[in-house]
Amino acid sequence: MTSRVAAAIDAARADGRGALIGYLPLGFPDLQTSIDAAVTLAENGADILELGPPYSDPVMDGTVIQEATQAALAGGFKLRDTFTAVAEITRHVDIPVLVMTYWNPVLQYGVDRYADDLLAAGGAGLITPDVTPDAAAEWIAASERTGLDRIFLAAPTSTDERLDLIVQHSTGFVYTVSTMGITGERAQLDAAARTLVERLRRHGVSNACVGIGISNAEQVAGVLDYADGAIVGTALVRALRDGGLDGLAQSARALAAGTARPAN
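Here is a short report on the structure shown in this document. Keep in mind that what you see is a predicted model, and the values were worked out from it rather than measured. (Residues numbered from 1 in each chain as written. Predicted model: local features only at pLDDT ≥ 70, side-chain atom pairs only at ≥ 80, totals over all residues. Heavy atoms only, no water.)

1. Some details on the sheet that holds strand S7 (residues 174-177)
As a general point, the strands of a sheet are linked pairwise by backbone hydrogen bonds and lie either parallel or antiparallel.
Piece 1. Spatial strand order, S5-S4-S3-S2-S1-S9-S8-S7-S6: nine strands in an open sheet with parallel pairing. Either end of the sheet is taken by a strand with one partner, and the two such strands are strand S5 (149-151) and strand S6 (153-154).
Piece 2. Across the sheet, helix H2 (residues 31-43) touches strand S1 (19-25) and strand S2 (48-52), and the angle it forms with S1 is around 170°.
Piece 3. Contacting S2 and strand S3 (97-100), helix H4 (residues 81-92) runs over the sheet at an angle of about 160° to S3. (Pairing = 2+ DSSP bridges. Helix = DSSP H or I, 4+ residues; strand = E, 2+ residues; numbered from the N terminus. Contact = heavy atoms within 4.5 Å. Axes fitted to C-alpha atoms, helices over the stretch in contact; angles between N-to-C directions.)

As structure tokens, then:
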């Protein structure tokens, strides 16, 4: 099956750009506004949406995202709201919508049921930060059956054997962790990200997209000098929190300005 996510990255590449992948938590500041925010992001430069259902123990998330997801949980967000939101968003936008989820909620919901409901809602796949390919046989089978993309994470500490496994089993792209630690804005991106992308290339990766710590157009442009996509989360969540939908739109447009690649 054709990967919708890979097709979006290819389309950006054909347009002389790297891909901009924008993350927002579902349910923040409330469910409807989070739906409107995702549509706003898509309409202002994002090539792919990454949506995060709130989780009670978000070990990978920094302070800004943790505060947003805790507010969403306090507001009554339920797991089934994920599919309601994705369905509503995909009615309004035609870019791929990924769900970034910790693995326990998927197990609790049922892996096949989760895959089927995400597909029915128009979702494109899952980013799974806390499960590795060797522990994801049920999800790999479900994604192959449904055609959903499965995106695993590669870190600077990943061994060559681990990178082989990640590249072999990922579709759409490999989520390339820019630096060790939690999400958040950083003044300078770790040079380890460039080295990791080079290692992934040697292992045959088709698309490597870099996330964690990217917060402005200059950093987007720097990452896209060697990677296929830039993933931005905290800066967008902060813009939504502080400036509402207008602030989010402005931030997204500014970030998208960094995706253009100079002509050869």
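Now that the structure has been shown, we can carry on.
2. Comments concerning helix H7 (residues 137-146)
Piece 1. Burial in H7 covers these residues: Trp 139, Ile 140, Ala 142, Ser 143 and Thr 146. Buried residues in H7, looked at end-on, bunch into an arc of 165°, giving them a common side. The outward face of H7, more than 90 degrees from its buried face, is lined by the exposed residues Ala 137 and Glu 144.
Piece 2. Positioned one or two residues after H7, Gly 147 has a phi angle of 80°, which is positive. (Buried < 20%, exposed > 50% of the residue type's maximum accessible area, 1.4 Å probe, protein only. Arc of directions from axis to C-beta.)

3. Some remarks on the side chain of Thr 259
Piece 1. For Thr 259, the position within the fold is in the segment after helix H11 (234-256).
Piece 2. Take Thr 259: its relative accessible area is 3%, and that puts it in the buried class.
Piece 3. Reaching out from Thr 259, the side chain makes a polar contact with the backbone oxygen of Ala 256 at a distance of 2.7 Å.
Piece 4. Apart from the residues lying within four places of it in its own chain, the contact partners of Thr 259 are Gly 16, Arg 17, Gly 18, Leu 20, Val 220 and Leu 224. (Polar contact = N/O pair within 3.5 Å; in protein donor to acceptor, adjacent residues only side chain to side chain.)

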